[in-house]
Amino acid sequence: VYYVPYVPDLVHLTQQGRKLVKLPQTNKQGSDADVASPMKRKEARVGKMKYEIILEQIVALLEDYPDCRVFIAGHSLGGALSTLFALEAAADERIPKPVTCITSGAPKVGNKDFLLAFEELEKQGKLRCLQIANDRDPVTWSPPNGEFNPFYSVLCRNRKFRHVGLRVTLAE
């Protein structure tokens, strides 16, 4: 298990047909290090976004474990971040396909263009996404898309946030 604190909640690399491979967290020099260490935060401030740092670490680990696949999981806000990261990972040619994203209780992310890009990667077999939600969880309804404000619906039609992937809603 390769644990990435904060963004996204969890990234697994697995070998096909075998148990999970435990992978250490490494920095660029190959030593064990926490992604959220002060050095990494400073590195992120000088031009690299957190997801770029995580992606680089995954690519480096895949060089040592070439038969692995990438699974990304997150809950609540971590689920939203996992969804965003999954799209980036699936679009990266260095990452083996398909990238699998599993979220629980995640809010909506991305507009219509994001949805279309996500669906295209799913059609190409590069990305799989499962979203699990409780039908009474307000986090999964957010952000609101103007359901209560008709002016928002008309003026911001293309800015509406959307759920992506296969959605399973749990109800009583």
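What you see is a predicted model, and the numbers here were worked out from it, not measured in a lab.

K.L.:
So, unusual backbone geometry: which residues are in play, and what are the values?
P.N.:
Geometrically, the link from K97 to P98 is a cis peptide bond, its omega value of -5° lying close to zero. Within the secondary structure, P98 is located in the loop between α3 (77–91) and β3 (99–104).

K.L.:
Can you break down the nonpolar core residue by residue, with the values?
P.N.:
Counting residues in hydrophobic clusters, the biggest one holds 25 residues, and the most contacted among them are I58, I72, F85, I95, V99, F118 and L127. At the level of secondary structure, the elements contributing two or more residues to this core comprise α2 (50–64), β2 (68–75), α3, β3, α4 (112–123) and β4 (127–134). The dominant element in this core, judged by the number of residues it contributes, is α3, at six residues.

K.L.:
An account of α3 is needed here, citing residue identities and associated values.
P.N.:
Here α3 spans 22 Å end to end across 15 residues, near enough to the 21 Å set by a 1.5 Å rise per residue. Those residues of α3 that are buried lie in contact with α2, β2, β3, α4 and β4.

K.L.:
Please give an account of the pattern of salt bridges that cites residues and values.
P.N.:
The full count for this structure, using the stated rule, is two salt bridges. In this structure, the salt-bridge partner of D92 is R94, at a minimum N-O distance of 2.8 Å. Since its relative accessible area comes to 12%, D92 is described here as buried. Across the pair R136 and E172 runs a salt bridge whose closest N-O atoms are separated by 3.1 Å. Of this pair, R136 sits in the loop between β4 and α5 (150–155) while E172 sits in the segment after β5 (166–170), and the two are 36 residues apart along the sequence. Here E172 falls in the exposed class, since its relative accessible area comes to 81%.

K.L.:
Residues and numbers for the packing of α2 against α3, please.
P.N.:
Axis separation between α2 and α3 bottoms out at 11 Å; the angle between their running directions is 50°. Regarding the angle of α2 to α3, the classification is oblique. By crossing handedness, the relation of α2 to α3 is classed as right-handed. Touching Y51, I54, L55 and I58 of α2 are F85, E88 and A89, all from α3. Of the residues in the contact of α2 with α3, the class split is six nonpolar, no polar and one charged.

Cut-offs used in this document
- Residues numbered from 1 in each chain as written.
- Predicted model: local features only at pLDDT ≥ 70, side-chain atom pairs only at ≥ 80, totals over all residues.
- Heavy atoms only, no water.
- Helix = DSSP H or I, 4+ residues; strand = E, 2+ residues; numbered from the N terminus.
- Core = buried A, V, L, I, M, F, W, Y, C linked by side-chain atoms within 4.5 Å.
- Buried < 20%, exposed > 50% of the residue type's maximum accessible area, 1.4 Å probe, protein only.
- Expected span 1.5 Å × (residues − 1).
- Contact = heavy atoms within 4.5 Å.
- Salt bridge = Lys/Arg side-chain N within 4 Å of Asp/Glu carboxyl O.
- Axes fitted to C-alpha atoms, helices over the stretch in contact; angles between N-to-C directions.
- Parallel < 35°, antiparallel > 145°, perpendicular 65-115°, else oblique.
- Left-handed = near helix turned anticlockwise from the far one by under 90°.
- Nonpolar A, V, L, I, M, F, W, Y, C, P; charged D, E, K, R; others polar.

Coordinates in, geometry out; function isn't part of it.
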